[in-house]
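Single-letter residue listing:
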Amino acid sequence: MRGDVGERLYSAPPEGFVAARDEAVAAAKEAGDLDAAREIAKLRKPTVAAWIVNLLAIQRPDLMGELVELSRALRAAQRDLKGPQLRELSAQRRQAVTSLVNEARKLALKADPALSRAKLPLGEVENTLTAALSDEDVATQVRSGRLVRAAAYAGFGEVPRPQLRLVTAGEEAVAPERPAQRAEDQTGPLERELAAARTAQKKAESDLERAVKAEQRGVDDLADIEAELAEVERRRAAAEEELSRRKLARKAAERAVATARRHTGDVEGALEALDPDRIGRAQSGE
């Protein structure tokens, strides 16, 4: 049930997210599933760009699966520094991202026909999909269909190989002219530079992993705060409803008092008309 609720919430346009989430929380509480209610209350409203990416993940999981496979191939080629393969995969990456963005636009307009093409943040969608190709954590988040904000693409960070260039089909690699040297004289410096580059890459990836985890902690903290705010909002609505009920009760009591006073005055008037001295005697205690 929780998965169905999450899929429904993240498939719908973002402007109705909060109201739909609160309804789902109330329904879970009414059903006695307090754990589900707490989990649903923690779900965060996505940006429009994140919502569009979620549509892809939820409605076209086949395309997202292809994206994940391509991202793995790209990272493997990058680690192995396979230039031709990386060149080919980079071309596939551009084609894949373009196709996914076009499909995302169609899904968004179908989900909400009121949207115009100019209003869709397709640039953010493209950046997010491109980031998913370079970062496994981002790819996992994108494929989950629970993205709450667009991701930024900072580049794949390929380490350039000195004195080399990528060769396209039909070309031959032409080595620059240089004085004759022994093979060990040529490969030694390159191997040392490659080792240093891989060390730097490993450190950068470690820094990125820590940054992603720190960001996730921030996301979790914000989700907790939003859940608390949702509970406060629920209590405020209940208090307003109770106050309204008490105001109605007070007004009803005021009307009853006014009616009783009029009736008392009418009875006193009738008695006075029958016996003018009766009221005076009653008030004096006689």
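As the structure is a prediction and not an experimental result, all values here were calculated from the model.

Please set out the overall build of the protein residue by residue, giving values where relevant.
A tally of helices and strands in the protein yields 10 helices and 0 strands. Going from the N terminus to the C terminus, the protein shows its helices and strands as α-α-α-α-α-α-α-α-α-α. Among the 286 residues that make up the protein, the fraction classed as buried is 28%. Long-range contacts, defined here as pairs at least 24 residues apart, represent 69% of the contacts in the protein between residues at least 6 apart. Accessible surface computed for the protein: about 18900 Å², of which carbon and sulfur atoms make up 53%.

For the confidence of the model for the protein, give the residues involved together with the corresponding values.
Interpreting fine coordinate detail is not advised for predicted regions of low pLDDT. Overall, the prediction assigns the protein a mean pLDDT of 78, with 78% of residues at 70 or greater. Segment residues 156-181: pLDDT under 50, and 29 contacts once partners within four positions in sequence are set aside and those in other chains are kept.

Help me get a handle on helix α2 (residues 17-30), residues and values and all.
Its 14 residues give α2 an end-to-end C-alpha distance of 20 Å, which sits within 8% of 20 Å, the value for a rise of 1.5 Å per residue. Taken together, the buried positions of α2 are occupied by Phe 17, Ala 20, Arg 21, Ala 24, Val 25 and Ala 28. Taken down its axis, α2 places every buried residue within 140° of arc, on the same side. Exposed residues pointing more than 90 degrees away from the buried face of α2 are listed as Glu 23 and Glu 30. Within two residues after α2, Gly 32 carries a phi angle of roughly 85°, on the positive side.

Quick rundown of helix α3 (residues 34-41)? Include the residues and the values.
Those residues of α3 not exposed but buried are Ala 36, Ala 37, Ile 40 and Ala 41. What you see down the axis of α3 is that its buried residues fit within an arc of 130°, all on one side.

Pulling in residues and values, what's your account of the packing of aromatic side chains?
Under the counting rule described, the total for this entry stands at 1 aromatic pair. Their ring planes at 55° and their centres at 5.3 Å tell us that Tyr 10 and Phe 17 sit as a pair that is tilted. Owing to a relative accessible area of 2%, Tyr 10 belongs among the buried residues under this scheme. With a relative accessible area of 2%, Phe 17 lands in the buried category.

Pulling in residues and values, what's your account of a nonpolar patch on the surface?
Together, Leu 222, Ile 225 and Leu 229 line one region of the surface with nonpolar side chains, adding up to about 260 Å² of accessible area. With respect to the helices and strands, Leu 229 occurs in helix α9 (residues 183-274).

Rules and cut-offs
- Residues numbered from 1 in each chain as written.
- Predicted model: local features only at pLDDT ≥ 70, side-chain atom pairs only at ≥ 80, totals over all residues.
- Heavy atoms only, no water.
- Helix = DSSP H or I, 4+ residues; strand = E, 2+ residues; numbered from the N terminus.
- Buried < 20%, exposed > 50% of the residue type's maximum accessible area, 1.4 Å probe, protein only.
- Contact = heavy atoms within 4.5 Å.
- Areas by Shrake-Rupley, 256 points an atom, 1.4 Å probe, with all protein chains shown as cover.
- pLDDT = per-residue confidence, 0-100.
- Expected span 1.5 Å × (residues − 1).
- Arc of directions from axis to C-beta.
- Phe/Tyr/Trp six-rings, centres within 6.5 Å; stacked < 30°, edge-to-face > 60°.
- Patch = residues over 30% accessible without salt bridge, like charges linked within 9 Å, V, L, I, M, F, W, Y side chains within 5 Å.
- Salt bridge = Lys/Arg side-chain N within 4 Å of Asp/Glu carboxyl O.

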